[in-house]
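Descriptive structure summary
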There are 2 protein chains.
Amino acid sequence: MKENKIPAATILRLSIYYRFLQELLQDNIGVVSSAQLAKHTNVNPAQLRKDLSYFGRFGVRGVGYDVAGLAEQISMILGLEKTWKIALIGVGNIGTALLKHKRFNEHGYNIVAAFDANPDLAGTKTSTDITIQPISELADTIKAQDIDIAIIAVPPESAQQVADEVVKAGIKGILNFAPVRLKVPSDVSIQHVDFTILLDTLSYSLAQNVNTREKHVQKDKPFKNVQGWSRAHSWPVANANFVVSASQ
Amino acid sequence: MKENKIPAATILRLSIYYRFLQELLQDNIGVVSSAQLAKHTNVNPAQLRKDLSYFGRFGVRGVGYDVAGLAEQISMILGLEKTWKIALIGVGNIGTALLKHKRFNEHGYNIVAAFDANPDLAGTKTSTDITIQPISELADTIKAQDIDIAIIAVPPESAQQVADEVVKAGIKGILNFAPVRLKVPSDVSIQHVDFTILLDTLSYSLAQNVNTREKHVQKDKPFKNVQGWSRAHSWPVANANFVVSASQ
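Residues numbered from 1 in each chain as written. Chains lettered and ligands numbered in written order. Predicted model: local features only at pLDDT ≥ 70, side-chain atom pairs only at ≥ 80, totals over all residues. Heavy atoms only, no water.

Residue and element names in this part refer to chain A. Reading across from one edge, β5-β4-β3-β6-β7-β8 is the order of the six strands in this open sheet, with parallel pairing throughout. Because the sheet does not close on itself, it has two edges, and the strands there are β5 (132–133) and β8 (189–192). In this sheet, strand β6 (residues 149–152) lies alongside strand β3 (residues 84–89) in parallel orientation, the contact comprising four bridges. Within β6, the position partnered with I86 by the bridge is I149. Its contacts with the sheet place helix α7 (residues 138–145) against β3, β4 (109–115) and β5, and it is angled at close to 150° to β4. On the sheet, helix α8 (residues 156–168) packs against β3, β6 and β7 (173–176) and is oriented at approximately 170° with respect to β6. (Pairing = 2+ DSSP bridges. Helix = DSSP H or I, 4+ residues; strand = E, 2+ residues; numbered from the N terminus. Contact = heavy atoms within 4.5 Å. Axes fitted to C-alpha atoms, helices over the stretch in contact; angles between N-to-C directions.)

Time to look at the sheet that holds strand β3 (residues 84–89) of chain B. All names here are of chain B. Spatially, six strands are ordered β5-β4-β3-β6-β7-β8 in an open sheet, and the strand pairing comes out parallel. Looking at the sheet topology across the chains shown, the edges are occupied by β5 (132–133) and β8 (189–192). As defined by bridge partners, strand β7 (residues 173–176) adjoins β8 across four bridges and the pair is classed as parallel. Of the residues in β8, the one forming a bridge with N176 is H192. Here helix α5 (residues 93–100) sits on the sheet in contact with β3, β4 (109–115) and β6 (149–152), set at roughly 150° to β3. On top of the sheet, helix α7 (residues 138–145) reaches β3, β4 and β5; it is set at about 150° to β4, its chief contact.

What follows concerns the pattern of salt bridges. A side chain of one charge can pair with a side chain of the opposite charge if their charged atoms are brought near each other. Within the structure shown, the criterion is met by ten salt bridges over all chains. Its salt-bridge partner being D187 of chain A, residue K172 of chain A comes within 2.7 Å of it at the nearest N-O pair. Of this pair, K172 of chain A sits in the loop between α8 and β7 while D187 of chain A is found in the loop between β7 and β8, placing the two residues 15 residues apart along the sequence. Under the relative-accessibility criterion, K172 of chain A is labelled partly exposed at 31%. The partner of K82 of chain B in a salt bridge is D148 of chain B, and the shortest N-O contact between them spans 3.8 Å. Taken together, the residues span a long stretch of sequence, with K82 of chain B in the loop between α4 (67–78) and β3 and D148 of chain B in the loop between α7 and β6 at a distance of 66 residues. For D148 of chain B, a relative accessible area of 16% puts it in the buried group. (Salt bridge = Lys/Arg side-chain N within 4 Å of Asp/Glu carboxyl O. Buried < 20%, exposed > 50% of the residue type's maximum accessible area, 1.4 Å probe, protein only.)

Attention now goes to the packing of aromatic side chains. Under the definition given, this model contains three aromatic pairs over all chains. Between F177 of chain A and F195 of chain B the ring centres are 4.8 Å apart and the planes differ by 85°, which places this aromatic pair in the edge-to-face class. Remark: F195 of chain B occurs in helix α9 (residues 195–210) and F177 of chain A occurs in the loop between β7 and β8; the pair is interchain, linking two chains. By the burial criterion, F177 of chain A is buried, and F195 of chain B matches it. Counting every residue linked through ring pairs, the aromatic cluster contains F177 and F195 of chain A together with F177 and F195 of chain B. The ring of W84 of chain A carries the charged tip of K82 of chain A above its face, separated from the ring centre by 4.6 Å. (Phe/Tyr/Trp six-rings, centres within 6.5 Å; stacked < 30°, edge-to-face > 60°. Lys NZ or Arg CZ within 6 Å of the ring centre and 35° of its normal.)

Buried residues dominate α5 of chain B, accounting for six of its eight residues. Among the residues of α5 of chain B, N93, I94, G95, A97, L98 and L99 of chain B are the ones counted as buried.

Looking now at unusual backbone geometry. Residues and elements named next belong to chain B. The backbone of N28 sits at a positive phi, close to 60°, despite the residue not being glycine. Along the chain, N28 turns up in the loop between α1 (8–26) and β1 (31–32). For N28, a relative accessible area of 72% translates into the label exposed. Its identity is not glycine, yet D129 carries a phi of approximately 70°, on the positive side. For D129, the position within the fold is in the loop between β4 and β5.

All right, on to the packing of helix α1 (residues 8–26) of chain A against helix α3 (residues 45–53) of chain A then. Residues and elements named next belong to chain A. Axis separation between α1 and α3 bottoms out at 10 Å; the angle between their running directions is 105°. Here α1 lies roughly perpendicular to α3, going by the angle between them. Along the contact surface, α1 presents T10, R13, L14 and Y17, while α3 presents Q47, L48, D51 and L52. The residue makeup of the contact of α1 with α3, split by class, is four nonpolar, two polar and two charged. (Parallel < 35°, antiparallel > 145°, perpendicular 65-115°, else oblique. Nonpolar A, V, L, I, M, F, W, Y, C, P; charged D, E, K, R; others polar.)

Mapped onto the elements, Q133 of chain B comes out in strand β5. The exposure class of Q133 of chain B is buried, given its relative accessible area of 15%.

Everything listed is a geometric property; what it means functionally is a separate question.
Here it is, written out as structure tokens:
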């Protein structure tokens, strides 16, 4: 049986399906076929069925999926029905962008505390009315406020130390923006944000267009453009929690 | 034959392999086994071999991969040997963070022009000595400077208009930070950055820990934590191009 090893890509796609289902709910659409769901999330229909099969039987053959029911199931699977308390460490450019976004909270990701090593910042308030604390108060605040997730947005040289501290304070989930390979215990989940992987994907597509004769490559068959992921990934931003504020 | 449909996930993993190979090269390591390469990039060895098989035969059975040769091949496949010229539209928090990072350029992603709708910003210089231009000069600059990629970091309400303009000016690759579903022609590659997908993945892992009895879910088998992707994804930041500067 496969359900003991749920591919991480399946979890990511569940998140994408969920956002589309929420859009359908807003439009009062009660039933969606697997073909429609697959098309709008740009996922192969067989892949979609396989993804959902990890968790049980959701659809009715020939009818489709009950939108509300499927959304609820995915929400429960992903733990989205819970509000997660987040500590933001590093109130720089990225940290400020995350703080500014109102929908972030609305989607259940609630930044309740913010920390910065800069003594000039400590004690000041963010635009969301959070008082920025010194790093020295990190562990105590995490415990006192029962914080679930840490977003690390500090310079690379201090990221591991921050990670060690939040782990010691009981954090089991980390979103890391610092460009370092952080070591955390195996029971801690960590996700790293790396925009350059996406740039490399663009580079690949552009290079294929530029160099259609494929002179660099050993096989004689021409490459095609990247399938699936790019487009699937292009969906979820429509309902995304995250707004980057450019200068106003 | 499979090579006409290269999965996007393979392209992403090639980027990850490449960064590890670069690290090996820096350490003067000439040969790497597929087991080592798979282990250090946290990819299943069978998956690794399959990924590389799309592009030809790189390894020698029982010996391993020539590090320099494999790195060069991947670099050519991904188009990393080229310096890509980037226009940044929106010099807000995210835009500023991208501009600040020196290694960004070193990896071949060169922000050569920056634009902002704020008239107070137009004419001022970024910390990287780029003069910020008004959006009205976008198309002309893209054409004049032969820019390849646009990074869109503007508020959501103006993102589609910016996308239309850059596409009209000939851009074929877009990295989008605005939380909107941008429509672009099929010959334009677009990647959206959405941190909340990663947060949803963390939410899933945390929910599994919190709720080990799985009472919400229909199957009776317990879930395991997400396999592979999270850890694989945790690798590439070590050599990543992107540094988020927190407040100094």
